[in-house]
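Spelled out, the chains give:
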Amino acid sequence: MTRLSHWIYERSTGWVTLIGLVVFLLFTALVLPAQSSQAESYSGAVGSPDTSLYYTPQQLYRFAESYGVEGRRSYVRARLTFDIVFPLVYTLFLTTSISWLVSKAAMPKPFWRQLNLVPLAGMLFDFLENGATATVMVRYPRTTPILAGLAGVFTTIKWAFVGGSFILLFILVGLTLRNSLRKNPS
């Protein structure tokens with residue numbers, strides 16, 4: 001893990017971090033609204049597993065039932081297209097930004113330096129969630145008890161790591177600004 005963290009640091013220059021930010025902002029502004037609109041067309045007021053914090057297997061099966069055949073197909077298609085790309089986009093943004101800011105905030109301890117791996121855990125659990133929920137949707141009305149049970153857990157862990165990454169990012173922005181003001185008091 002230390003080698004992976006170091007590899008990310010070596011590539012997280014100011015320019016790479018800026019590119020990650022621009023890609024994230026463009027994707028969020030241009031692709032995410034269309035995807036959200038499409039998801040709303042089949043999920044309606046029921047919602048979606050991946051925007052929930054947690055759900056039981058019974059709730060996941062209710063999602064599947066309420067989506068209908070076409071809605072389940074759309075859901076699975078989105079998990080195999082959009083929801084592969086989006087985790088890559090937000091992980092690029094978060095890992096490079098956290099790495100760059102840890103360097104700028106002068107966080108010397110090894111613990112701080114490995115926090116750039118937190119977004120990778122979020123991406124991993126996002127992919128696990130997508131695989132589990134897509135499998136449940138494909139197999140519905142047949143049940144997939146183990147994956148249905150794990151899906152909600154994967155979702156909760158995903159949000160903990162992704163949300164934690166954004167919180168970490170804001171903390172590092174604050175520490176970097178504080179350090180910058182201390183060096184250049186005006």
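Given the structure is predicted, the values throughout are model-derived calculations rather than measurements.

Undergrad: Where do I start with the side chain of T155 in this structure?
TA: Considering the arrangement of structural elements, one finds T155 in helix α7 (residues 145–183). In this structure T155 comes out as buried when scored by relative accessible area, which is 0%.

Undergrad: Looking at this structure, how should I read helix α1 (residues 2–11)?
TA: Those residues of α1 lying buried are S5, I8 and Y9. Buried residues of α1, seen end-on, are gathered within an arc of 100° and therefore sit on one face of the element. Elements that come into contact with the buried residues of α1 comprise α4 (82–104), α5 (110–113) and α6 (118–139).

Undergrad: What is the right way to look at the environment of F93 in this model?
TA: By secondary structure assignment, the location of F93 is in helix α4. Judged by its relative accessible area of 7%, F93 is buried. Ignoring sequence-local partners within four residues, the contact set of F93 consists of G20, L21, F24, F166 and L169.

Undergrad: Sorry if this is basic, but what is going on with the packing of helix α3 (residues 57–80) against α4 here?
TA: Each packed pair of helices is defined by two parameters, the angle between the axes and the distance between the axes. Here α3 crosses α4 at 35°, and the two axes come no closer than 3 Å. On α4, the residues that touch A78, R79 and L80 of α3 are F82, D83 and I84. When the residues that make up the contact of α3 with α4 are grouped by side-chain class, the tally is four nonpolar, no polar and two charged.

Undergrad: I would appreciate a short explanation of the environment of L60 in the present structure.
TA: Examined against the element boundaries, L60 turns out to sit in helix α3. For L60, a relative accessible area of 0% puts it in the buried group. Separated by 88 residues in the primary sequence, L60 and A148 have C-alpha atoms spaced 6.9 Å apart. Discounting residues that sit within four places of it in the chain, L60 has contacts with P49, Y55, T133, V136, M137, A148 and A151.

Undergrad: Would you take a moment to explain the pattern of salt bridges for this structure?
TA: Pairing between side chains becomes possible if they bear opposite charge and their charged atoms approach one another. Going through the model one piece at a time under the given rule, you end up with five salt bridges. For E70, the salt bridge is made with R73, and the minimal N-O distance between the two is 2.5 Å. In this pair, E70 and R73 both sit in helix α3, three residues apart, roughly one turn of the helix. One network of salt bridges, with partners in common, ties together D50, R79 and D83.

Rules behind the numbers
- Residues numbered from 1 in each chain as written.
- Predicted model: local features only at pLDDT ≥ 70, side-chain atom pairs only at ≥ 80, totals over all residues.
- Heavy atoms only, no water.
- Helix = DSSP H or I, 4+ residues; strand = E, 2+ residues; numbered from the N terminus.
- Buried < 20%, exposed > 50% of the residue type's maximum accessible area, 1.4 Å probe, protein only.
- Arc of directions from axis to C-beta.
- Contact = heavy atoms within 4.5 Å.
- Axes fitted to C-alpha atoms, helices over the stretch in contact; angles between N-to-C directions.
- Nonpolar A, V, L, I, M, F, W, Y, C, P; charged D, E, K, R; others polar.
- Salt bridge = Lys/Arg side-chain N within 4 Å of Asp/Glu carboxyl O.

Spatial relationships are all this shows, so hold off on functional conclusions.
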